[in-house]
Amino acid sequence: MRYWDDEEVFHDGDTYFSRVLAAVGHAKRSVDWETYIFDRDRQGERVLAALASAAARGVRVRLLIDGAGSSGWNYRDLERSRRLGIQVRIFHPLPWQVRPLRLLGELASWKPWLSRLGQMNRRNHRKTCIIDSHAAFSGGMNVSEHHLREWRGAGAWHDIAVRVVGDSVQALETAFYLAWRESGASRPRSARRWLRRAQSKPIPAGVRLNSNRFQRHQINEERIQRIQQASERVWITTPYLVPQLRLILALRETAARGVDVRLLTPSRSDVFFMRWINRAFHPVLLHAGVRIHEYRSAFLHGKLNIVDDWVVVGSSNLNHRSLLHDLEVGIVLSNPQTLKDLELRFQNDLQASQEIRSHHLRGWRWGQVLLGRLLLVFRRWI
């Protein structure tokens with residue numbers, strides 16, 4: 001069964017952003033772009049210029065960034081972007097991203113501050129650009145120089161993203177609008193009714209979304225069941241390995257049945273202690289036959305799941321944040337050529353990696369091992 005009219009996979013940020021910005025340049029009606037990180041660097045300025053150009057042609061342009069991921073933005077940056085014709089909102093903004101007068105108004109009541117505190121741990125981790133409600137780009141690539149060899153050379157982050165075309169893109173557009181409305185200053189009663197109806201609609205087979213608790217439960221159950229039922233392989237690429245107990249057990253049991261279970265993780269990270277936390281799970285997985293590889297060439301930021309012939313590329317990590325807190329998106333791919341492409345990508349990445357074996361565990365610094373295990377106390381927030 002084909003989920004999409006067209007699928008295209010990108011293995012580097014240079015090609016990906018070239019295609020995205022070309023699509024923005026040809027947009028006729030709308031561009032909806034949401035991203036966790038939007039850096040105000042050279043790549044960020046390039047993207048803003050493309051969005052401003054589209055807005056000048058009469059295209060409706062909406063940009064949704066996350067307050068924590070794009071913490072370098074402030075309310076003045078928002079005003080500058082709006083003057084360019086770009087509608088911009090910040091998902092759960094930090095205090096310096098809110099106009100001072102609004103903050104002063106909130107001081108009159110404790111409720112807005114309590115609400116803001118409750119929102120701090122809920123982030124929008126999706127990276128999706130929707131063009132004219134019919135084509136979408138999605139995956140792990142933020143708007144940042146970090147993803148492009150043009151700016152960072154061999155140190156550019158190693159990532160995966162896709163372009164899909166079809167009617168199922170409308171589900172991604174609805175998810176965008178849900179987060180867009182949540183980022184608004186006010187929510188009229190009519191909008192709240194619309195949100196409830198939108199959240200109750202079934203999600204197409206080619207899309208994985210976690211906008212509410214029920215969807216989060218469904219996604220987690222599906223992943224665990226597919227791993228438990230795998231007959232040939234479970235290949236997972238993840239930069240942040242902080243799995244829940246049920247997932248650890250599923251991986252162990254599947255490997256014990258003789259299925260080829262491999263985890264590809266980075267040997268370096270953008271979070272200095274993440275490697276230590278990743279390695280805290282290595283002994284319990286290795287001893288059950290799960291094979292673990294650490295990518296060496298650059299920071300591995302891609303998120304890929306291949307379970308037999310079921311393939312998902314998206315923004316979700318194998319951690320508690322993706323499971324419990326953050327808004328994520330996954331694109332299920334069904335074209336046989338796409339599967340072959342991603343199989344080859346995974347195998348090539350293994351060639352650029354070191355397989356971790358049991359004897360490597362004895363050579364790790366005991367202080368880092370201990371710190372990684374101590375940090376697991378905070379795993380629900382990592």
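So, here's what we can say about the structure.

Remark on secondary structure: sheet strands pair via backbone hydrogen bonds, oriented parallel or antiparallel. As summarised here, the arrangement of the 7 strands in space is β1-β7-β6-β5-β2-β3-β4, forming an open sheet in which the pairing is mixed. Because the sheet does not close on itself, it has two edges, and the strands there are β1 (6–10) and β4 (87–91). The mean inter-strand angle of the sheet, taken between neighbouring strand axes irrespective of direction, is 10 degrees. Of the strand pairs in this sheet, strand β3 (residues 60–66) and β4 are connected by 5 bridges, and their pairing is parallel. Residue pairing for β4: Arg62 is matched across the bridge by Gln87.

As a rule of thumb, nonpolar side chains are buried together in soluble globular proteins. Of all hydrophobic cores here, the largest spans 34 residues; its most connected members are Val24, Val31, Trp33, Leu51 and Leu63. Taken together, the elements giving at least two residues each to this core come down to α1 (13–26), β2 (30–35), α2 (42–56), β3, β4 and β5 (128–131). Per element, the largest residue contribution to this core is 7 residues, and it comes from α2. Dropping the residues within four chain positions of it, Val24 is found in contact with Val31, Trp33, Ala50, Leu51, Ala54, Arg57, Cys129 and Ile131. In terms of nonpolar packing, the next biggest core, distinct from the first, is built from 33 residues, Trp4, Phe176, Val207 and Phe346 among them.

Once that is clear, we can look at the packing of helix α9 (residues 213–229) against helix α10 (residues 245–256). Where α9 contacts α10, the axes come no closer than 8 Å and their chain directions differ by 15 degrees. Considering their axes alone, α9 and α10 lie roughly parallel with respect to each other. Two packed elements cross with a definite hand, and for α9 against α10 that hand is left-handed. Across from Asn220, Glu221, Ile224, Ile227 and Gln228 in α9, the residues of α10 making contact are Arg246, Leu247, Ala250, Leu251, Glu253 and Thr254. For the contact of α9 with α10, a count of residues per class yields 5 nonpolar, 3 polar and 3 charged.

Okay, unusual backbone geometry next. In this structure, Asp132 is a non-glycine residue whose phi angle is positive, near 55 degrees. By the secondary structure assignment, Asp132 is in the loop between β5 and β6 (135–139). On the basis of relative accessibility, which here comes to 12%, the residue Asp132 falls in the buried class. Positive phi, close to 65 degrees, is recorded for Ser133, a residue that is not glycine. Structurally, Ser133 can be placed in the loop between β5 and β6. Of the residues examined, Ser133 reaches a relative accessible area of 22% and is grouped as partly exposed.

The 8 strands are arranged β8-β14-β13-β12-β9-β10-β11-β15 in an open sheet whose pairing can be described as mixed. In the strand order of this sheet, the two ends are held by β8 (207–209) and β15 (353–356), each with one partner. Across the sheet, the mean angle separating the axes of adjacent strands is 20 degrees when strand polarity is ignored. Bridging between strand β9 (residues 233–237) and strand β12 (residues 304–307) involves 4 bridges; their strand directions are antiparallel. Considered in β12, the bridge of Thr237 is made with Leu304. Across the sheet, helix α7 (residues 169–182) touches β8 and β14 (329–333), and the angle it forms with β8 is around 15 degrees. In the packing of α9 onto the sheet, contacts are made with β8, β9, β12 and β13 (310–314), and the angle to β8 comes to roughly 125 degrees.

Moving on, we come to α2. Its 15 residues place the ends of α2 21 Å apart at the C-alpha level, agreeing with the 21 Å of an ideal helix rising 1.5 Å per residue. Looking only at α2, the buried set comprises Gln43, Gly44, Val47, Leu48, Ala50, Leu51, Ala52, Ala54 and Ala55. Where α2 is buried, its residues meet α1, β2, β3, α3 (75–83) and α6 (149–152). Capping of α2 at its N-terminal end is provided by Asp41; its side-chain oxygen lies 3.2 Å from the backbone amide nitrogen of Gln43. Just beyond α2, the residue with positive phi is Gly58, at close to 100 degrees.

A separate point is α1. What sets the pattern is the α-helix's 3.6 residues per turn: residues three or four places apart point alike. An ideal rise of 1.5 Å per residue puts 20 Å on 14 residues; α1 measures up with 20 Å between its terminal C-alpha atoms. Of the positions making up α1, those classed as buried are Gly13, Tyr16, Phe17, Val20, Leu21, Ala23 and Val24. Looking down the long axis of α1, one finds its buried residues gathered within 155 degrees of arc, a one-sided arrangement. Packed against the buried residues of α1 are β1, β2, α2, β5, β6 and β7 (161–165). Where α1 begins, one side-chain oxygen reaches toward the backbone nitrogen of Asp14, 3.2 Å away; that side chain belongs to Asp12.

Conventions and cut-offs
- Residues numbered from 1 in each chain as written.
- Predicted model: local features only at pLDDT ≥ 70, side-chain atom pairs only at ≥ 80, totals over all residues.
- Heavy atoms only, no water.
- Pairing = 2+ DSSP bridges.
- Helix = DSSP H or I, 4+ residues; strand = E, 2+ residues; numbered from the N terminus.
- Axes fitted to C-alpha atoms, helices over the stretch in contact; angles between N-to-C directions.
- Core = buried A, V, L, I, M, F, W, Y, C linked by side-chain atoms within 4.5 Å.
- Buried < 20%, exposed > 50% of the residue type's maximum accessible area, 1.4 Å probe, protein only.
- Contact = heavy atoms within 4.5 Å.
- Parallel < 35°, antiparallel > 145°, perpendicular 65-115°, else oblique.
- Left-handed = near helix turned anticlockwise from the far one by under 90°.
- Nonpolar A, V, L, I, M, F, W, Y, C, P; charged D, E, K, R; others polar.
- Expected span 1.5 Å × (residues − 1).
- Polar contact = N/O pair within 3.5 Å; in protein donor to acceptor, adjacent residues only side chain to side chain.
- Arc of directions from axis to C-beta.

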